[in-house]
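For reference, the chains in residue letters:
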Amino acid sequence: MAEEMREENSKLNRISLLGVPVDVCRPEDMDEVILEILAKPGTKQIVFLSVWDLLKGRNKKKNFSKYLHSADLILPVSKSLLWGAKFLKKPVPVRYNPFSAVISILSVMENHYKSLFLLGGRKKALQKAECNVRSTLPNLQIVGRYVGYYPKEVEKDVVQAIYKASPSLVIVGDGIKEKKLWAYNRRNNFASSIFLYYKDCIGIFSERVKRINEKTFDRGLEIWSEIFKNPFKLFLIFPFLRYIILVIWYRLFKKNC
């Protein structure tokens with residue numbers, strides 16, 4: 001049913017990149033796309049897709065692949081994904097800076113008097129994030145919040161709180177063990193909400209985490225700031241080379257994929 005609804009939405013074009021779904025969504029169409037997703041029943045997902053996520057999502061036996069294929073909106077955040085689509089002669093998606101995309105989505109929510117639930121972060125950071133969101137988007141109703149890093153025994157309380165609040169959007173941040181899969185693995189426990197995982201969102205809202213410079217992001221150099229924080233990420237060069245090889249392989253031998 002979700003696939004049929006996507007096909008009817010002319011504002012959203014879903015392509016397959018190495019067997020993984022990616023959406024072509026223009027910024028000017030974001031308002032309409034978000035409202036159409038909101039109108040769908042049940043748990044919905046918005047995904048920020050990196051090249052590492054794409055490689056992970058190619059394993060169809062894993063939950064992560066099922067999560068991606070069931071998502072309602074998949075926005076690419078890696079510049080290499082655009083290159084891959086262009087090289088494979090597919091429609092080229094629009095690349096989104098995750099934080100800028102979150103602001104756009106929240107603006108749509110505020111313009112239509114929708115509601116928000118914040119999940120994740122430490123107590124002080126979450127409180128500051130809520131305060132800043134309220135002051136910036138006064139017409140957006142914040143109907144609940146819950147910290148991350150919570151003990152396993154309160155899991156049911158967290159799920160119940162979201163179910164009762166029935167927010168239009170749930171932003172899931174740091175401190176949630178299952179990260180992007182948290183809401184997917186509990187999708188049958190919620191009424192009708194959009195879930196979006198973005199690790200740094202609450203940290204940026206609380207002014208405890210510095211957002212990536214726009215020029216750095218536009219150039220596709222944001223990986224270097226991550227390597228600076230964690231030098232072990234230099235080893236990501238190996239899966240990245242695998243991605244390049246796969247794209248070339250698909251171009252040569254799997255032209256219809």
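The rules we used
- Residues numbered from 1 in each chain as written.
- Predicted model: local features only at pLDDT ≥ 70, side-chain atom pairs only at ≥ 80, totals over all residues.
- Heavy atoms only, no water.
- Pairing = 2+ DSSP bridges.
- Helix = DSSP H or I, 4+ residues; strand = E, 2+ residues; numbered from the N terminus.
- Axes fitted to C-alpha atoms, helices over the stretch in contact; angles between N-to-C directions.
- Buried < 20%, exposed > 50% of the residue type's maximum accessible area, 1.4 Å probe, protein only.
- Disulfide = S-S within 2.5 Å.
- Expected span 1.5 Å × (residues − 1).
- Contact = heavy atoms within 4.5 Å.
- Parallel < 35°, antiparallel > 145°, perpendicular 65-115°, else oblique.
- Left-handed = near helix turned anticlockwise from the far one by under 90°.
- Nonpolar A, V, L, I, M, F, W, Y, C, P; charged D, E, K, R; others polar.
- Patch = residues over 30% accessible without salt bridge, like charges linked within 9 Å, V, L, I, M, F, W, Y side chains within 5 Å.
- Areas by Shrake-Rupley, 256 points an atom, 1.4 Å probe, with all protein chains shown as cover.
- Salt bridge = Lys/Arg side-chain N within 4 Å of Asp/Glu carboxyl O.
- Lys, Arg positive; Asp, Glu negative; His and termini not counted.
- Charge placed at Lys NZ, Arg CZ, Asp CG, Glu CD.
- pLDDT = per-residue confidence, 0-100.

**Details of the sheet that holds strand S7 (residues 169-172)**
Part 1 of the argument: Taken in spatial order, the six strands of this open sheet run S4-S3-S8-S7-S5-S6, and their pairing is parallel. Each of the sheet's edge strands pairs with one partner strand only, and the pair in question is strand S4 (73-76) and strand S6 (141-146). For this sheet, the mean inter-axis angle between neighbouring strands, taken without regard to orientation, is 20 degrees.
Part 2 of the argument: The pairing of strand S5 (residues 115-119) with S6 spans five bridges and is classified as parallel.

**What about helix H5 (residues 79-87)?**
Part 1 of the argument: Listing the buried residues of H5 in full gives Ser80, Leu81, Leu82, Gly84 and Ala85.
Part 2 of the argument: Immediately downstream of H5, the backbone of Lys89 shows phi near 60 degrees, a positive value.

**Regarding the state of the cysteines**
Part 1 of the argument: Scanning the model with the defined rule gives zero disulfides in all.
Part 2 of the argument: Here Cys131 stays free of any disulfide, with the sulfur of Cys201 as its closest cysteine sulfur at 15 Å.
Part 3 of the argument: Among the residues examined, Cys131 registers a relative accessible area of 47% and is labelled partly exposed.

**Here we look at helix H7 (residues 123-136)**
Part 1 of the argument: With 14 residues, H7 ought to run about 20 Å at 1.5 Å a step, and its terminal C-alpha atoms sit 20 Å apart, in line with that.
Part 2 of the argument: Regarding H7, the residues found buried are Ala125, Leu126, Ala129, Glu130, Asn132 and Val133.
Part 3 of the argument: On the buried face of H7, the contacting elements are S5, S6 and helix H10 (201-205).

**A closer look at the packing of helix H2 (residues 30-39) against helix H6 (residues 98-111)**
Part 1 of the argument: Two numbers describe how H2 lies on H6: the axes approach to 10 Å, and their chain directions differ by 65 degrees. It follows from the interaxial angle that H2 and H6 lie roughly perpendicular. Once H2 is placed against H6, the crossing between them reads as right-handed. In contact with Met30, Asp31, Ile34, Leu35 and Leu38 of H2, H6 contributes Ile105, Val108 and Met109.
Part 2 of the argument: For the contact of H2 with H6, the residue count by class is seven nonpolar, no polar and one charged.

**Let's talk about a positive patch on the surface**
Part 1 of the argument: Positive charge collects at one region of the surface, where Lys56, Lys179, Lys199 and Lys229 lie side by side.
Part 2 of the argument: Position of Lys56 among the secondary structure elements: in helix H3 (residues 51-56).

**Concerning the confidence of the model for the protein chain**
Part 1 of the argument: When pLDDT is averaged across the protein chain, the result is 92; 93% of the residues are at 70 or more.
Part 2 of the argument: Counting interchain partners and residues more than four positions distant, the pLDDT-below-50 stretch residues 1-7 has eleven contacts.

**Digging into the pattern of salt bridges**
Part 1 of the argument: Taken as a whole, this structure holds ten salt bridges when the rule is applied.
Part 2 of the argument: Notably, a salt bridge pairs Asp29 with Lys11, separated by 3.7 Å at the nearest N-O pair. On the criterion of sequence distance, the pair formed by Asp29 in the loop between strand S2 (20-24) and H2 and Lys11 in the loop between helix H1 (2-8) and strand S1 (13-17) is long-range, its members being 18 residues apart.
Part 3 of the argument: You can call Asp29 buried: its relative accessible area is 14%.
Part 4 of the argument: Note that Arg145 is salt-bridged to Glu130, the shortest N-O span being 2.2 Å. Taken together, the residues Arg145 in strand S6 and Glu130 in helix H7 connect sequence positions 15 residues apart.
Part 5 of the argument: According to the relative accessible area criterion, Glu130 is buried, its value standing at 11%.
Part 6 of the argument: Counted as one network, the salt bridges with shared partners bring together Glu130, Arg134 and Arg145.

**Quick notes on the packing of H5 against helix H13 (residues 237-253)**
Part 1 of the argument: Packing of H5 against H13 leaves a shortest axis separation of 10 Å and a crossing angle of 15 degrees. Classed by the angle they form, the pair H5 and H13 counts as roughly parallel. The element H5 and its partner H13 pack so that their crossing is right-handed. Contact residues: H5 offers Ser80, Leu81, Trp83, Gly84 and Phe87, while H13 offers Phe240, Tyr243, Ile244, Val247, Ile248 and Arg251.
Part 2 of the argument: Within the contact of H5 with H13, the residues separate by chemical class into eight nonpolar, two polar and one charged.

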